[in-house]
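# Topology and contacts: notes
Each chain is listed here by its residues.
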Amino acid sequence: YTTLFRSAQASCTGTVDLDEVLNCCRLTNSAGADNQDDAALDRVDGKVLLVGGEQGGLFSLDLANTSIIKRYACETAVNSVTSTKQTAVAGCQNGELLLFPSDDLSEPLTRIHTSNSPVHCICPLDEGFIVGRKDGTATVHFVNTNTNIQLTGPDNDAVDGISSDRSTSTPLQGTAQ
């Protein structure tokens with residue numbers, strides 16, 4: 001069972017049986033939800049938790065109802081998940097990126113498999129996302145134009161974390177060993 005915990009209130013909101021070892025998660029808003037303000041940080045209505053697992057499970061969870069909205073079976077472990085305005089993105093152990101409509105994990109819209117190096121992290125941007133991989137590559141992918149820019153090449157330390165200053169849309173890359 002996966003326990004959903006509300007840290008602001010130091011309380012458990014419920015449990016969901018995913019039957020999966022969890023690797024990653026990302027809190028996002030459901031389609032059409034108007035909960036962007038600071039007061040909404042403590043509310044669970046309109047919030048969806050994207051979860052990726054070691055056995056290849058990709059889940060969207062409704063936090064208000066503590067239930068599974070959708071479940072998708074990937075071919076390999078899901079190491080990282082994120083969401084942009086248009087898409088939910090899953091990064092897998094086999095190097096594949098799966099792009100879904102932001103509110104539906106039924107079937108990927110697009111599969112990007114430009115590398116066999118495992119995806120370690122994904123950072124959302126306004127128009128796309130940045131991917132960090134085990135082999136040290138960091139790549140920016142733009143969703144609407146199907147283009148990408150390679151920031152670093154292979155044979156570097158693994159890129160384990162990437163963050164972005166959303167106020168300027170300037171990506172900042174960081175590595176950890």
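Residues numbered from 1 in each chain as written. Predicted model: local features only at pLDDT ≥ 70, side-chain atom pairs only at ≥ 80, totals over all residues. Heavy atoms only, no water.

## Side note on the overall build of the protein chain
Rule in force here: Working definition: helices are DSSP H or I runs of at least four residues, strands are E runs of at least two. Numbering for both runs from the N terminus. Only protein chains enter the accessibility calculation, which uses a 1.4 Å probe; a residue whose area is less than 20% of its type maximum is buried, one above 50% is exposed, and one in between is partly exposed. By the convention used here, residues are in contact when the closest approach between their heavy atoms is within 4.5 Å. Only the protein chains shown count as cover for residues, with accessible areas throughout obtained via the Shrake-Rupley method and a probe of 1.4 Å.
Of the regular secondary structure elements, the protein chain holds 0 helices and 16 strands. Of all 177 residues assigned to the protein chain, the portion counted as buried reaches 44%. For the protein chain, restricting intrachain contacts to residue pairs at least 6 apart in sequence, the fraction spanning at least 24 positions comes to 36%. Within the structure as shown, the protein chain displays about 9,200 Å² of accessible surface, and the carbon and sulfur contribution to it stands at 47%.

## Some points on the sheet that holds strand β5 (residues 57-62)
Counted only if it meets this: By the convention used here, strands pair only if DSSP detects at least 2 bridges between them. Note on geometry: axes are lines fitted to C-alpha atoms, helical ones only across the stretch in contact, with angles between N-to-C directions running from 0 to 180 degrees.
Taking strand neighbours across the sheet as the criterion, the 4 strands line up as β3-β4-β5-β6 in an open arrangement whose pairing is antiparallel. Unpaired on one side and paired on the other, β3 (22-29) and β6 (67-73) mark the two borders of the sheet. Adjacent strand axes in the sheet meet at a mean angle of 20°, parallel and antiparallel pairs treated alike. Inspection of the sheet shows β5 paired to β6 by 6 bridges, in the antiparallel sense.

## Comments concerning the pairing of strand β8 (residues 87-92)
β8 sits mainly inside the fold: 6 of its 6 residues count as buried. Burial along β8 is two-sided: Thr87, Val89 and Gly91 facing one way and Ala88, Ala90 and Cys92 facing the other are all buried. Counted between consecutive antiparallel strands, the loop separating strand β7 (residues 78-83) from β8 contains 3 residues. Relative to strand β9 (residues 97-101), β8 runs antiparallel, the two being bridged by 5 bridges.

## Quick notes on the environment of leucine 27
Mapped onto the fold, leucine 27 is located in strand β3. By relative accessible area, which is 46% here, leucine 27 ends up partly exposed.

## With respect to the nonpolar core
Let me state the cut-off plainly: To form a nonpolar core, buried Ala, Val, Leu, Ile, Met, Phe, Trp, Tyr and Cys residues must be joined to one another through side-chain atoms within 4.5 Å.
Membership of the largest hydrophobic core comes to 14 residues, with the highest contact counts inside it found for Leu58, Cys74, Val78, Val81, Leu98 and Phe100. Among the secondary structure elements, those contributing two or more residues to this core are β4 (47-53), β7, β8 and β9. Once residues lying within four places of it in the same chain are set aside, the contact partners of phenylalanine 100 are Leu58, Tyr72, Gln86, Thr87, Ala88, Leu105, Glu107, Pro108 and Leu109. Leu99, Ile112, Val119 and Phe129 belong to the second largest nonpolar core, which has 9 residues in total.

## Focus on the packing of aromatic side chains
Put simply, the test is: Aromatic contacts are taken between Phe, Tyr and Trp rings whose centres are within 6.5 Å, Trp giving its six-membered ring; a plane angle under 30 degrees counts as stacked, one over 60 as edge-to-face, and the others as tilted.
Going through the model one piece at a time under the given rule, you end up with 1 aromatic pair. Ring centres 5.2 Å apart and planes at 70° place the aromatic pair tyrosine 72 and phenylalanine 100 in the edge-to-face group. Of this pair, tyrosine 72 sits in strand β6 while phenylalanine 100 sits in strand β9, and the two are 28 residues apart along the sequence. Judged by its relative accessible area of 10%, tyrosine 72 falls in the buried class.

## Notes on the sheet that holds β8
Read from one edge to the other, the open sheet built from 4 strands follows the order β7-β8-β9-β10, with strand pairing classed as antiparallel. The open sheet terminates on both sides in strands that have one partner only, identified here as β7 and β10 (110-112). Within this sheet the neighbouring strands show an average axis-to-axis angle of 20°, counted without direction.

## Some words on the pattern of salt bridges
Put simply, the rule is: Put simply, a salt bridge is a Lys or Arg side-chain nitrogen that is within 4 Å of an Asp or Glu carboxyl oxygen.
Evaluation of the coordinates by the stated rule reveals 1 salt bridge. The salt bridge involving glutamate 96 is made with arginine 111; its shortest N-O contact spans 3.3 Å. Of this pair, glutamate 96 sits in the loop between β8 and β9 while arginine 111 sits in strand β10; the two residues are 15 residues apart in sequence, bridging distant segments of the chain. Look at glutamate 96 and you get buried, because its relative accessible area is 8%.

## Notes on the state of the cysteines
The cut-off we apply is this: Cysteine sulfur atoms are paired as a disulfide whenever they come within 2.5 Å of each other.
A complete count under the given rule lists 0 disulfides for this structure. Sulfur of cysteine 24: no disulfide; nearest cysteine sulfur belongs to cysteine 25 and is 7.3 Å away. Taking relative accessible area as the criterion, cysteine 24 reaches 13% and is therefore assigned buried. This cysteine, cysteine 92, is not joined by any disulfide, and cysteine 74 carries the nearest cysteine sulfur, 4.5 Å off.

By themselves, these figures tell us nothing about what the structure is for.
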